[in-house]
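# An overview of the molecular structure
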Amino acid sequence: MLPNMNNSKNIYLLHLAALTMVKNKRYAPPSARESSETKEATRAPGQGLSQRVERAQQHGDGGRVHANTQYSQQGARGGGRYQDPIPHQPSNDPAKYQAHGCYGRGGPRQRGTPRPYHDGRRSGSGGRGVPTTTSVTLPELHQAPQVHHQVPVVTPSPPETGSSSLHVEVNTGQVQLQFQQLAIPDQSSSIQGMQLAPPSSKSGRFPMRPGKGTSGSRCIVKANHFSAELPDKDLHQYDVSISPDVPLHGVNRAVIGELVTLYRQSHLGGRLPAYDGRKSLYTAGPLPFTTRTFEIVLQDEEDRIGGAQVAQRYAILDIFVTCYSVCSLLIYLPVVRREKHFMVVIKFAARADLHHLAMFLAGKLPDAPQDAIQVLDIVLRELPTARYSPVARSFYSPNLGTRQQLGDGLESWRGFYQSIRPTQMGLSLNIDMSSTAFIEPLPVIDFVAQLLNRNVSIRPLSDADRVKIKKALRGVKVEVTHRGNMRRKYRIFGLTSQAARELTFPIDDHGTMKTVILYFQETYGFNIQHTTLPCLQVGNPQKPNYLPMEVCKIVEGQRYSKRLNDKQITALLKVTCQRPQQRELDILQTVNHNAYHEDPYAQEFGIRIDERLALVEARVLPPPRLKYHDSGREKDVLPRIGQWNMRNKKMVNGGRVNDWICINFSRNVPDSAATSFCRQLAEMCQISGMDFSIDPLFPPLTTRPENVERALRSRYQDAMNALKPLGRQLDLLIVVLPDNNGSLYGNIKRICETDLGLASQCCLTKHVYKRSPQYFANVALKINVKVGGRNTVLVDALSRRIPLVSDRPTIIFGADVSHPHPGEDSSPSIAAVVASQDWPEVTKYAGLVSAQTRRQELIQDLFKVWQDPQRGTVTGGMVKELLISFRRSTGQKPQRIIFYRDGVSEGQFYQVLLYELDAIRKACASLEPNYQPPVTFVVVQKRHHTRLFANNHNDQRSVDGKSGNILPGTVVDSKICHPTEFDFYLCSHAGIQGTSRPAHYHVLWDENKFTADGLQTLTNNLCYTYARCTRSVSVVPPAYYAHLAAFRARFYMEPDTSDGGSVASGVTTSRGPTGARRAAGNVAVKPLPDLKENVKRVMFYC
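No experiment lies behind these values; they were computed from the predicted model shown. (Residues numbered from 1 in each chain as written. Predicted model: local features only at pLDDT ≥ 70, side-chain atom pairs only at ≥ 80, totals over all residues. Heavy atoms only, no water.)

This part covers the overall build of the protein chain. When you go through the protein chain residue by residue, the secondary structure sums to 25 helices and 46 strands. Residue burial in the protein chain is summarised as follows: out of 1102 residues, 57% are buried. Across the protein chain, the fraction of contacts at a sequence separation of at least 24, relative to all contacts at a separation of at least 6, is 74%. (Helix = DSSP H or I, 4+ residues; strand = E, 2+ residues; numbered from the N terminus. Buried < 20%, exposed > 50% of the residue type's maximum accessible area, 1.4 Å probe, protein only. Contact = heavy atoms within 4.5 Å.)

Time to look at unusual backbone geometry. In the segment running from S243 into P244, the intervening peptide bond is cis, with an omega of 0 degrees. Of note, P244 is situated in the loop between β6 (235–243) and α5 (249–263). Put simply, W839 and P840 share a cis peptide bond, and its omega is 15 degrees. Relative to the assigned elements, P840 resides in the loop between β35 (829–836) and β36 (845–852). Residue V842 is not a glycine yet carries a positive backbone phi of 45 degrees. With respect to the element layout, V842 can be found in the loop between β35 and β36.

Turning next to the sheet that holds strand β28 (residues 660–664). Spatial ordering of the open sheet is given by β30-β28-β31-β32, a layout of four strands whose pairing is parallel. The sheet terminates laterally at β30 (701–702) and β32 (760–764), the two strands that pair on one side only. In terms of strand pairing, strand β31 (residues 732–737) meets β32 through five bridges, oriented parallel. Residue V735 lies in a different strand from β32, and its bridge partner there is C762. (Pairing = 2+ DSSP bridges.)

The end-to-end C-alpha separation of helix α21 (residues 878–890) is 18 Å, in line with the 18 Å expected for 13 residues at 1.5 Å each. Along α21, the residues that are buried comprise M878, V879, K880, E881, L882, L883 and F886. In this structure, the buried residues of α21 make contact with β34 (810–818), β35, β36, β38 (872–876), α22 (909–927) and α25 (1093–1096). Of the residues trailing α21, G891 is marked for its positive phi of about 80 degrees. (Expected span 1.5 Å × (residues − 1).)

This paragraph deals with the nonpolar core. In this structure, W660, F692, Y900, Y1001, Y1041 and Y1101 are the most contacted members of the largest nonpolar core, which totals 85 residues. Membership of the second largest hydrophobic core comes to 59 residues, among which are Y282, L357, V375 and I609. (Core = buried A, V, L, I, M, F, W, Y, C linked by side-chain atoms within 4.5 Å.)

Turning our attention to the confidence of the model for the protein chain. Scored by pLDDT, the protein chain has a mean of 81; 75% of the residues are at 70 or more. The low-confidence segment residues 1–170, where pLDDT is below 50, has 426 contacts with residues more than four positions distant or belonging to other chains. In the predicted structure, residues 1056–1071 sits below a pLDDT of 50 and forms 66 contacts with residues beyond four places in sequence or in another chain. (pLDDT = per-residue confidence, 0-100.)

What follows covers the packing of helix α15 (residues 671–687) against helix α19 (residues 773–786). Here α15 crosses α19 at 65 degrees, and the two axes come no closer than 9 Å. By the criterion of interaxial angle, the relationship of α15 to α19 is roughly perpendicular. Where α15 crosses over α19, the two elements pack in a sense that is right-handed. Residues F677, Q680, L681, M684 and C685 of α15 pack against P773, Y775, F776, A777, V779, A780 and I783 of α19. (Axes fitted to C-alpha atoms, helices over the stretch in contact; angles between N-to-C directions. Parallel < 35°, antiparallel > 145°, perpendicular 65-115°, else oblique. Left-handed = near helix turned anticlockwise from the far one by under 90°.)

Below, the discussion takes up the pairing of strand β24 (residues 614–620). With respect to burial, β24 is a largely interior element, five of its seven residues being buried. Across seven bridges, the pairing between strand β4 (residues 217–223) and β24 is antiparallel. Following the sheet pairing, A223 is matched in β24 by A614. Across two bridges, β24 lies against strand β42 (residues 970–972) in antiparallel orientation. Each bridged residue has a counterpart across the sheet, and for V620 the counterpart in β42 is T970.

This paragraph deals with the pattern of salt bridges. Counted under the stated rule, the structure contains 44 salt bridges. With a closest N to O distance of 2.4 Å, E556 and R403 form a salt bridge. Of the two residues, E556 sits in the loop between β22 (552–554) and α12 (566–576) while R403 sits in the loop between β12 (394–397) and β13 (404–407), which places them 153 residues apart along the sequence. Among the residues examined, R403 registers a relative accessible area of 31% and is labelled partly exposed. Notably, a salt bridge pairs D432 with R583, separated by 3.1 Å at the nearest N-O pair. Of this pair, D432 sits in strand β15 (residues 426–439) while R583 sits in helix α13 (residues 580–594), and the two are 151 residues apart along the sequence. Each member of the pair, D432 as well as R583, is classed as buried. (Salt bridge = Lys/Arg side-chain N within 4 Å of Asp/Glu carboxyl O.)

All told, the structure shown has 28 aromatic pairs when counted by the stated rule. Ring centres 5.5 Å apart and planes at 70 degrees place the aromatic pair Y238 and F348 in the edge-to-face group. Of this pair, Y238 sits in strand β6 while F348 sits in strand β10 (residues 339–352), and the two are 110 residues apart along the sequence. Judged on exposure class, the residue Y238 and its partner F348 are both buried. Judged by centre distance (5.5 Å) and plane angle (45 degrees), the rings of Y1041 and Y1101 are tilted. Of this pair, Y1041 sits in helix α24 (residues 1037–1049) while Y1101 sits in the segment after α25, and the two are 60 residues apart along the sequence. Put simply, the rings of Y845, Y1026, Y1040, Y1041, F1100 and Y1101 touch in pairs and so form one group of aromatic residues. (Phe/Tyr/Trp six-rings, centres within 6.5 Å; stacked < 30°, edge-to-face > 60°.)

This part takes up the sheet that holds strand β39 (residues 896–902). Read across the sheet, eleven strands follow the order β36-β35-β34-β39-β40-β44-β43-β42-β24-β4-β41 without closing on themselves; strand pairing throughout is mixed. Each edge of the open sheet carries a strand with a single partner, namely β36 and β41 (948–950). On average, each strand axis in the sheet is inclined to that of its neighbour by 30 degrees, with strand direction left out of account. α21 contacts β34, β35 and β36 of the sheet and is inclined by roughly 145 degrees relative to β34. Lying on the sheet, α24 is in contact with β34, β35, β36, β39 and β40 (935–941); it crosses β34 at an angle near 40 degrees.

Turning our eyes to something else, we now look at the environment of P773. Examined against the element boundaries, P773 turns out to sit in helix α19. A relative accessible area of 57% places P773 in the exposed class. Along the sequence, P773 and M684 sit 89 residues apart, while their C-alpha atoms lie 8.2 Å from each other.

What follows concerns the environment of R1097. Mapping R1097 onto the fold places it in the segment after α25. Through-space distance from the C-alpha of R1097 to that of L882 is 9.7 Å; in sequence the pair is 215 residues apart.

Burial analysis of β35 places eight of its eight residues in the buried class, the great majority of the element. Side chains S829, A831, V833 and A835 project from β35 onto one buried face, and the interleaved I830, A832, V834 and S836 project onto a second face that is buried too. As paired strands, β35 and β36 are joined by eight bridges and run antiparallel to one another. When the sheet's bridge partners are listed, S836 is paired in β36 with Y845.

Right, let's talk about the state of the cysteines for a bit. Scanning the entire structure with this criterion turns up zero disulfides. As a non-bridged cysteine, C678 has C662 as the owner of its nearest cysteine sulfur, 3.5 Å distant. (Disulfide = S-S within 2.5 Å.)

At their nearest, the axes of α21 and α22 sit 8 Å apart, and the two run at 50 degrees to each other. One way to sum up the angle between α21 and α22 is to call them oblique. In this structure, α21 crosses over α22, and the sense of that crossing is right-handed. Of the residues in α22, those touching α21 at V879, K880, L883 and I884 are I920, A923, C924, S926 and L927. Among the residues forming the contact of α21 with α22, the class breakdown is seven nonpolar, one polar and one charged. (Nonpolar A, V, L, I, M, F, W, Y, C, P; charged D, E, K, R; others polar.)

Here we take up helix α7 (residues 354–361). Turning to α7, its buried residues are L354, L357, F360 and L361. Projection of α7 onto a plane perpendicular to its axis shows the buried side chains occupying an angular sector of 115 degrees, all on one side. Those residues of α7 hidden inside the fold are in contact with β6, β10, α8 (370–387), β14 (410–423) and β15. Two or three places before H355, at the opening of α7, D353 has a side-chain oxygen 3.0 Å from that residue's backbone nitrogen. Downstream of α7 by a residue or two, G363 has a phi angle that is positive, lying close to 80 degrees. (Arc of directions from axis to C-beta. Polar contact = N/O pair within 3.5 Å; in protein donor to acceptor, adjacent residues only side chain to side chain.)

Attention shifts here to the side chain of Q860. For Q860, the location among the structural elements is in the loop between β36 and β37 (864–868). Judged by its relative accessible area of 18%, Q860 falls in the buried class. A distance of 3.4 Å separates polar atoms of two side chains, one belonging to Q860 and the other to T853.

Relative to the helices and strands, M208 resides in the loop between α4 (172–182) and β4. The spacing of M208 and T980 is 772 residues in sequence and 5.8 Å in space, taken between C-alpha atoms. Setting aside chain neighbours within four positions, we find M208 in contact with T980, E981 and F982.

So, in structure tokens, the structure goes:
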């Protein structure tokens, strides 16, 4: 009950008691406590007592700004005081050059670790989001002149938070030296054992483009790149220090926004700066000072409460329930919105050199001036950041398209991707459509009901339910709904172990306890209905606040960053799947909606964006002719629009399966159905060209999924008991799985490939009943390569007509690293390497996998050295083992190496090349002295946003009539590609649904001296040799196989740790030490059982 408001004595006593309690912190909740340093920094001299009573607020945004952020630029009002130092203009003397790093909206920076641009700018945050491990060379910037005057000190004086212009640890000379050490030595040079080549004249540059390709039929395509005119401005960078330091971009932006509003005309020379949200400010020309300090005051708009009269006269300080605090305290004070005081120091740092950028775009300089490109990128991101919810380089809003439910409390938001990048046509703005998952802004009770797919009031939660709810809600921001319009926000960190009806807390120093239910009833008149549900733990984990679920609603605009389930992925793909013509139209509408010609920041910096899609010259490479066995009616085939079939054809090398068994884990499949299904599959294998026994060794065994390990081992042992006396081995296991089989599939693969050494083929129940001939034909292709056969080979390979492959023994590698999904905190990353084992066919690929430090992109086990007690120093690693395997299978050692590397972002090119090329060199040198075959190292990228569209969607000569996509074999190496380096886009597949995404190939090292036509044709032709289907694929098969092998190795992780247990697990399946490797944070990456030798030799991952 509220006190009598007309009793001024009561008001005064309540006021005094409240101030005393807050001052002494006797009952202050965790959310209300602040460090003394922060309080002193935010409290201005002369404030009244009422102004010092601050309502507890929860901050923390997960590193991203939402529309409802407490100090968002749109929702902040206030003023500031300007500290006027002695004016000082930047010196006009010739400045020295010094490298500095420009930073965008990323995470915390470390000195010496620059954060360059990505997706066209070299950064470590693109691709898969793996952080950069080594500094990269940045271009030079003008050094800031020395300042000889003293800047006035503002009290309290906050410590400077550090400059955003960081010195680069690795300079150009160091990188060049590392490249020189990787160069192949002259034949006269001597290599003793492991010693590498001496430095040569090689520079630190990636290979230059060896001219443009000419093969194929020419055509014109459109690309989602928009020409950006280089501004004729003098770009300046300023370091920004804001204190007290708040790790929220929204607060920082609000502070700078208020500063610009107050002082743009009076003290910023009328300039409109672009701000990266953290430490850097950019202007189109110099500011009228070198260093200045400002004081900015922000007022919190969220402190208003419902009711006009109450909002005008009174404020409420409500201290929430905590383990250590009083339940509730109502204080009636004159209304004063809370003020936050910030000290802002702006200091000149550097000038971005647009002349160097123009020289680079013209092909006259080898390295892109990353600082200048990043300034332009930040400028073009300013307005979208204020309008929408930024996620990495994309922007999302519920107003950019229709929200679509994904299930389990998630919904999709539409948005667009935007990035500026250097290309042959100059600067290019890459725009693409995008969708991602957000948490629905539901009442928490409704969210939990969707998550569990049931009414939560029917029965109590199980332990599994609690774990699922806690995992889904951890880190989610909620607002309370039981206090009218006063919607305070909190972040969830856990659930209480007790139900709301059992939860009590102390209300005074004497240990008097009160239940949460009674507290909410007495304090708010709110009767809790769901008394059996746990409460949410919010705020500070050390001193949590308790909130019943039914008084909380999820705040809108929170991106869901955890792993989606299969149902959600399917729903999201339906939303994002657009035919090319519709996607092109949406992109153009987005550019028109963004109205870059009206963007005040673009106008300020003189950036002009062409609103037309770029027209690009392209070529359609012809498909290769494929060879099949001579016993078939058709001995070869020329694919049409990227596809063909197996009718009237037999595999070029059919595998042999004499002895096989079947185990049925599906209760919906009777023995008779399993028997007839297996017989039809065996007949298809025979028709396709395999030597396949029609009848199994034993009749199918039906068992339950929980008996998987015992059933596999028992049946395998029975088979071996029958075959061993005959000198034979079990060749294949066919498994019938339930359609929803959980971990069963992974357990079968783990047991068969790391324990039994047995090839296996799993089939779902739905296919047992459909029995499609096309399905049987595709499964036969997979079985054939798993038992050592070959499905098809290139005719040009057999006739030795592939340039730089057929003339001498050549091995083709593929490599990839699979990183754990978000939420799998202890899982390691898994590296996979495959290599061709046949020459000249280059069709069969053996594979190895290895666990390594979590989120480490460099493949650590390409080459390794360890000490053996008996043998002394021993060398090994995946490259060495695959080189040895190639020689065993072909009788020759490779004289040329082609290495396709998947999944590397542009910011990691130098690190990956230097580390992995060095490992390849060492692996070769460890086999014999002077063995250094020339290497071509090519990065394959699929995680980019370039899309190609037909210039005329009705032209059947350049468009796939079924899907509307460009034709397979379309290659682009001009206009939208790198200004000087050897790269190209290749759409090697026929798109089935949606818009085709071409693969981007970038050559980082080329000692084999490929021509543009040579590498493009080789890559395109290899895409027709993929073993699992009769279609060309979108990524060159060696890289595709490495991806499959890395994904398969996740199943080898021990069941109790594979989903994020306390110990990181992994595999080391190449020869070498089997002890645990030390990962970051001193967490051991535990090795798992090796692949069996007979499994390594075949394409088990198919």
